[in-house]
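Spelled out, the chains give:
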Amino acid sequence: MQTQSSRWLGHGLYLVIMAILVSGVYFAGQKINYSWHWERLWPYIINTESQDIVAITDGTAVVDKAGRLSVLPDYGDDPQLVKVYDTLVARDGDLIFQGDTIARIEGWRFGPIAEGLWVTIKISFISLIFAVLLGVMFGLMRVAHGQVWRNLAMTYVEVIRGTPLLVQIFIVYFFVGTVFDLDRFTSGVAALSIFTGAYVAEIVRAGIQSVSAGQMEAARSLGMNYVQAMAYVIMPQAIKRTLPPLAGQFINLIKDSSLVSVISITDLTKAGREVVSGSFAPFEVWFTVAVLYLVVTGGLSLLIQCLEKRLSVSD
Amino acid sequence: MIDPVKEQSSQPALIQAHKVNKVFPNGCHALKDVSLDVQPGEVVVIIGPSGSGKSTFLRTLNQLESITSGRILLDQVDLTDKRTNINKVREEVGMVFQAFNLFPHKTALGNVMLAPMKVLKQTKPEARKTATDLLNRVGLADRMGNYPTRLSGGQQQRVAIARSLAMKPKVLLFDEPTSALDPEMVGEVLDVMKELAREGMTMVVVTHEMGFAREVADRVVFMEEGELVLEESPERFFHSDHPRLQRFLGQVL
Ligand SMILES: Nc1ncnc2c1ncn2[C@@H]1O[C@H](COP(=O)(O)OP(=O)(O)OP(=O)(O)O)[C@@H](O)[C@H]1O
Ligand SMILES: [Mg+2]
């Protein structure tokens, strides 16, 4: 039994060790003469700078009484109309050349890192749904009575688990994607779902087999058919037991999604790579990217823990 | 005038097992030409040493175990016939297990309500009404909301009996229903079973409770090494001088 004081001592020691680690990183940065510029990162997350609206042709600026700005081109094309802007740069009657700033828009928009984060969340979420569908389907096939089903499911699981995800992404993108004319995003989702589905299938199979045979016998003795027994008796118990390993697999899925950047999907990782070359702040960028992944995986972890707690009322 | 005895015997048996053989895939010959008829309302107790095939025989009666040869008729329906809908048959044959096998994710009430709702398509209020009545009958009116982990062994087994009864079966099969119980809980389960017997439920019971056999059984069956050795009324059974039975009773009593 742990005493109260030894617990506090443990917490204190932990804080000391963490402080040493963090300062270690800081001094390592100092040692290689790295100057930290966290502020450079902001525009790449949320961009608050005003945006320039530029002229697309040479011509004359016209501002009518209602304040609408347009550029009348010199050579009889349709005029360029600017419907929304915050500050006017060109004045009525000004001569405008192509590329001139004629107005500005204030406000903010998401930078590439935030957009990458959104792509990562989106691709992980959609893949998760399909992975669960595939996993449950093939998991059920693994324990089915028909040998055909068992063999098919086994082949799927073994092939997918035996090859690297990176290779699968290339195969899905270049082969399957070409045959079925899939875009990058769909290919990425397909590869991630198929990959994670194989692991989910194994988890589901283990969960079903962990439910004692007596449960199936009791259900069948009451006149339920196989499907009813599975749906109302076996699966509810199996799912509860598979939640912890499933949580781990879903977290892996989020992290694995970084590999889709190889087929030019601008997810969080690819956005990070692009921002590094534009901002000259590689440490800050990669630390930020890591923290963002941690937030997403941590959030999912928390969600599943809540679900587990709700399902544990019968324990 | 109709002779009541004759009337009874002309009524076909509810269970007719004829020369049932069971050979497991591993070659174990668990049942050898076992034949047994059970009349409606009868209580048949099966006793015998461990490994004699009692469970296997009981499980063939609701086809949890298929048979290798022979015939089993349940209320005239041939279980071995491929066209027989085995799920329909199982609705009419309840089974109570040694390990209770309650559904751990359902409350006592939920356990009893599940099959009537899903199989008999009863509405929720209907199923709840039946389940409440049944749990009352087995003395668990105050435990309906409990999950199985919050019930004692004896209480769990009584819920299991109520769960089987909810399907309104024609026959109830019991496989050592009190063997997994602490001694002080055996009585409460046996009392429920005695009550059922009194109400005319047809029952086939595998048990080591000789007192129950003596008191409740209409017939006692002795099995050994896959064979049905002896089949007698309790009075004659327990005074039989059959050598194999003597040897067995000498060991357990
Ligand atoms: N699934 C199985 N596969 C192979 N052999 C089996 C199987 N189930 C039972 N047996 C064998 O069949 C024989 C009869 O077993 P059964 O369980 O019917 O005995 P029992 O009389 O119920 O014994 P107990 O009193 O221990 O429950 C035993 O020899 C057992 O080893
Ligand atoms: Mg047995």
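Here the structure is a predicted model, which is why all the values come from computation and not from measurement.

What counts and what doesn't
Residues numbered from 1 in each chain as written. Chains lettered and ligands numbered in written order. Predicted model: local features only at pLDDT ≥ 70, side-chain atom pairs only at ≥ 80, totals over all residues. Heavy atoms only, no water. Contact = heavy atoms within 4.5 Å. Buried area = accessible area lost by both parts, 1.4 Å probe. Salt bridge = Lys/Arg side-chain N within 4 Å of Asp/Glu carboxyl O. Polar contact = N/O pair within 3.5 Å; in protein donor to acceptor, adjacent residues only side chain to side chain. Helix = DSSP H or I, 4+ residues; strand = E, 2+ residues; numbered from the N terminus. Nonpolar A, V, L, I, M, F, W, Y, C, P; charged D, E, K, R; others polar. Buried < 20%, exposed > 50% of the residue type's maximum accessible area, 1.4 Å probe, protein only. Axes fitted to C-alpha atoms, helices over the stretch in contact; angles between N-to-C directions. Left-handed = near helix turned anticlockwise from the far one by under 90°.

### What to know about the interface of chain A and chain B
Bring the parts together and some accessible area is lost; that lost area is often taken as the interface size.
Here's step 1: With 19 residues of chain A at the interface, the matching set in chain B holds 25 residues.
Here's step 2: Summing both partners gives a buried area of about 1,900 Å² for chain A against chain B, and 58% of it is carried by carbon and sulfur.
Here's step 3: Here chain A is connected to chain B by 1 salt bridge.
Here's step 4: Here Glu217(A) ties to Arg59(B) by a salt bridge, and the two come within 2.8 Å at their closest N and O atoms.
Here's step 5: Put simply, chain A and chain B have 7 residue pairs in polar contact (both at pLDDT 80 or more) between them.
Here's step 6: At 7 residues, the largest contribution of residues to the side of chain A that touches chain B is made by helix 7 (residues 213-221) of chain A.
Here's step 7: For the side of chain A that touches chain B, the per-class residue count stands at 8 nonpolar, 8 polar and 3 charged.

### Thoughts on the environment of Asp175(B)
Residues and elements named next belong to chain B.
Here's step 1: Looking at where Asp 175 falls in the secondary structure, it is placed in strand 7 (residues 171-175).
Here's step 2: Here Asp 175 falls in the buried class, since its relative accessible area comes to 10%.
Here's step 3: C-alpha of Asp 175 to C-alpha of Arg 59: the two residues are 116 residues apart in sequence and 8.8 Å apart in space.
Here's step 4: Apart from the residues lying within four places of it in its own chain, the contact partners of Asp 175 are Ser 55, Leu 58, Val 96, Phe 97, Gln 98 and Val 206.
Here's step 5: Within the structure, the side chain of Asp 175 is placed 3.0 Å from the side chain of Ser 55, a separation counted as a polar contact.

### Topic: the packing of helix 3 (residues 112-142) of chain A against helix 10 (residues 282-311) of chain A
Residues and elements named next belong to chain A.
Here's step 1: At their nearest, the axes of helix 3 and helix 10 sit 11 Å apart, and the two run at 35 degrees to each other. In this structure, helix 3 crosses over helix 10, and the sense of that crossing is right-handed. Contacts between helix 3 and helix 10 involve Ile 113, Leu 117, Thr 120 and Ile 121 from the former and Val 285, Leu 292, Tyr 293 and Val 296 from the latter.
Here's step 2: Looking at the contact of helix 3 with helix 10 residue by residue, the classes come out as 7 nonpolar, 1 polar and no charged.

### A look at unusual backbone geometry
All names here are of chain B.
Here's step 1: Phi angles above zero are rare outside glycine, and Lys 19 is one such case at about 45 degrees.
Here's step 2: Along the polypeptide, Lys 19 turns up in strand 1 (residues 15-23).
Here's step 3: A positive phi angle is found at Asp 75, which is not glycine, with a value near 50 degrees.
Here's step 4: Looking at the element boundaries, Asp 75 is found in the loop between strand 4 (69-74) and strand 5 (77-78).
Here's step 5: What makes Asp 75 partly exposed here is its relative accessible area of 31%.

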